[in-house]
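Inside the fold
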Amino acid sequence: RVNIKAGTYTISSALNIGVSNVVFRGYTTTIGDLDSVSPSTLRVAGADIPKVTGTTRAVSNTNYISNATIQNISFEFDASDTVIYMNNMTDFSLLRCRAINSNSAGRCTKSRYSFFQIANCYLHNASTTVNVHETAALGGSSASIIRSVISGGSVGSTGPSTRYIDSLFINQSGIAINGLGYTQQDIHGCSFYNAGSHFISASSARLCVSQCVFDTCGGYAINKTGSNYCLTNNAYYDSSFTSGRISTSDGDDFEAVTL
């Protein structure tokens, strides 16, 4: 474990994670004093966690390694790059963290060839260049965003075989979740508000959406090609969509709630 005490730290180059099985954890006054916080507690920036600032990447890796976790840390950057970039990392978790990028040409997180979990986090990206700069770009075989806030960016999130659970997507200039042609998208219990284009664009990917709320976008609530989708018990503010609820009627749509 690498323990980081609450305070402000400005860095000029990225922390390179070069070993497996490592945890970077923030604490307030005594090492481990935040470890008993319930996993369901959303921890954001404050006097109780360390704040890391800079203008380049904050965290990256260059080796094929596995099992790394960052928790209870706020990254507040103005970087034209990605704040947290994991390349060839198996099993990476970002827990109870903030990642803010105030640069209009940057991202908050990006991964390649890895399982990436984001839980109880707040991510905000200042980019408004449509469909270019994602707030959370998740690559690899699988990923998940759980109980988190994804704010801003041209795209909120994109990635293959991704699960989105109990999260909020707000103020994307383009698409909230862009599934492109990836294998599977499972979206449950999420809220979507104010996207410039579609909330969800799944292309040919299999899509399951349940118990979500959709309000105000410049296109379809769900833009989908093909019939491989199932929509269940979602709530739509239909009058707030420029194009409509869904772009095709070939899949399964079981909606008990209409607003």
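All of these numbers come straight from a predicted model, not from anything done at the bench. (Residues numbered from 1 in each chain as written. Predicted model: local features only at pLDDT ≥ 70, side-chain atom pairs only at ≥ 80, totals over all residues. Heavy atoms only, no water.)

1. Describing the layout of surface pockets
In this structure, the largest pocket occupies an estimated 180 Å³ of space. If you trace the largest pocket, you find it lined by Val2, Ile4, Tyr9, Ile11, Leu15, Phe24, Val52, Ala58, Val59, Ile70, Ile73 and Phe75. Looking at the lining of the largest pocket, its residues break down into 12 nonpolar, no polar and no charged. (1 Å grid on protein atoms, 1.4 Å probe; cavity = no way out; pocket = protein on both sides within 12 Å on 5 of 7 lines; lining within 4 Å. Points joined across faces, edges and corners; volume = space filled by probe spheres on them. Nonpolar A, V, L, I, M, F, W, Y, C, P; charged D, E, K, R; others polar.)

2. Some details on the pattern of salt bridges
In total, this model carries four salt bridges according to the counting rule given. Across the salt bridge formed by Arg57 and Asp81, the nearest N and O atoms sit 2.9 Å from each other. With a gap of 24 residues between them, Arg57 in the loop between strand S5 (51-54) and strand S6 (59-60) and Asp81 in the loop between strand S8 (74-77) and strand S9 (82-87) connect regions that are remote in the sequence. For Arg57, a relative accessible area of 26% corresponds to the partly exposed category. Overall, the relative accessible area of 32% leaves Asp81 in the partly exposed class. A salt bridge links Asp238 to Arg245; the shortest N-O distance between them is 2.8 Å. With a relative accessible area of 32%, Asp238 lands in the partly exposed category. (Salt bridge = Lys/Arg side-chain N within 4 Å of Asp/Glu carboxyl O. Helix = DSSP H or I, 4+ residues; strand = E, 2+ residues; numbered from the N terminus. Buried < 20%, exposed > 50% of the residue type's maximum accessible area, 1.4 Å probe, protein only.)

3. Here's the deal with the nonpolar core
By size, the foremost hydrophobic cluster in this structure holds 54 residues, and its most contacted members are Phe192 and Phe214. The contact partners of Phe192, leaving out residues within four places of it in the chain, are Phe169, Ala176, Ile177, Ile187, Phe199, Ile200, Cys212, Val213, Phe214 and Asp215. (Core = buried A, V, L, I, M, F, W, Y, C linked by side-chain atoms within 4.5 Å. Contact = heavy atoms within 4.5 Å.)

4. What about the environment of Gly196?
Structurally, the position occupied by Gly196 is in the loop between strand S23 (191-195) and strand S24 (200-203). Each C-alpha atom of the pair Gly196 and Ile175 lies 6.8 Å from the other, and the pair is 21 residues apart in sequence. Setting aside its immediate chain neighbours within four residues, Gly196 contacts Gln172, Ser173, Gly174 and Gly218.

5. Thoughts on the side chain of Ser157
As for its placement among the helices and strands, Ser157 is situated in strand S18 (residues 155-158). For Ser157, the side chain forms a polar contact with the main-chain oxygen of Ala136, separated by 3.2 Å. Other than its neighbours up to four places away in sequence, Ser157 contacts Ala136, Leu138, Ile145, Tyr164, Phe169, Ala176, Ile177 and Asn178. (Polar contact = N/O pair within 3.5 Å; in protein donor to acceptor, adjacent residues only side chain to side chain.)

6. Focus on the sheet that holds strand S13 (residues 116-119)
Here 11 strands make up an open sheet; going across it, the order is S1-S4-S7-S10-S13-S16-S19-S22-S25-S28-S31 and the pairing parallel. Two strands in the sheet have a free side with no partner beyond their single neighbour: strand S1 (2-5) and strand S31 (252-254). Looking at each pair of strands side by side, their axes are set apart by 5° on average, direction ignored. Relative to strand S22 (residues 184-188), strand S19 (residues 162-165) runs parallel, the two being bridged by four bridges. The partner of Tyr164 across the bridge, within S22, is Ile187. (Pairing = 2+ DSSP bridges. Axes fitted to C-alpha atoms, helices over the stretch in contact; angles between N-to-C directions.)

7. A few points about the pairing of strand S15 (residues 134-137)
Examined bridge by bridge, strand S12 (residues 107-112) and S15 share two bridges and lie parallel to one another. What sits directly across from Lys110, in S15, is Ala137. With three bridges connecting them, S15 and S18 associate as parallel partners. From the neighbouring strand, Ala137 faces S18, where its bridge partner is Thr158.

8. Quick word on the sheet that holds strand S17 (residues 149-152)
Taking strand neighbours across the sheet as the criterion, the 10 strands line up as S2-S5-S8-S11-S14-S17-S20-S23-S26-S29 in an open arrangement whose pairing is parallel. On the outer flanks of this sheet lie strand S2 (8-10) and strand S29 (235-236), each paired with one strand and no other. In this structure, strand S26 (residues 213-217) lies alongside S29, joined through two bridges in parallel fashion. Each bridged residue has a counterpart across the sheet, and for Val213 the counterpart in S29 is Ala235.

9. Comments concerning the packing of aromatic side chains
What the rule picks out here adds up to nine aromatic pairs. Ring geometry for Tyr164 versus Phe169: centroids 5.7 Å apart, planes at 75°, classification edge-to-face. Overall, the relative accessible area of 0% leaves Tyr164 in the buried class. Between the aromatic rings of Phe192 and Phe199, the centroid separation amounts to 5.8 Å while the plane-to-plane angle is 50°, which identifies the pairing as tilted. (Phe/Tyr/Trp six-rings, centres within 6.5 Å; stacked < 30°, edge-to-face > 60°.)

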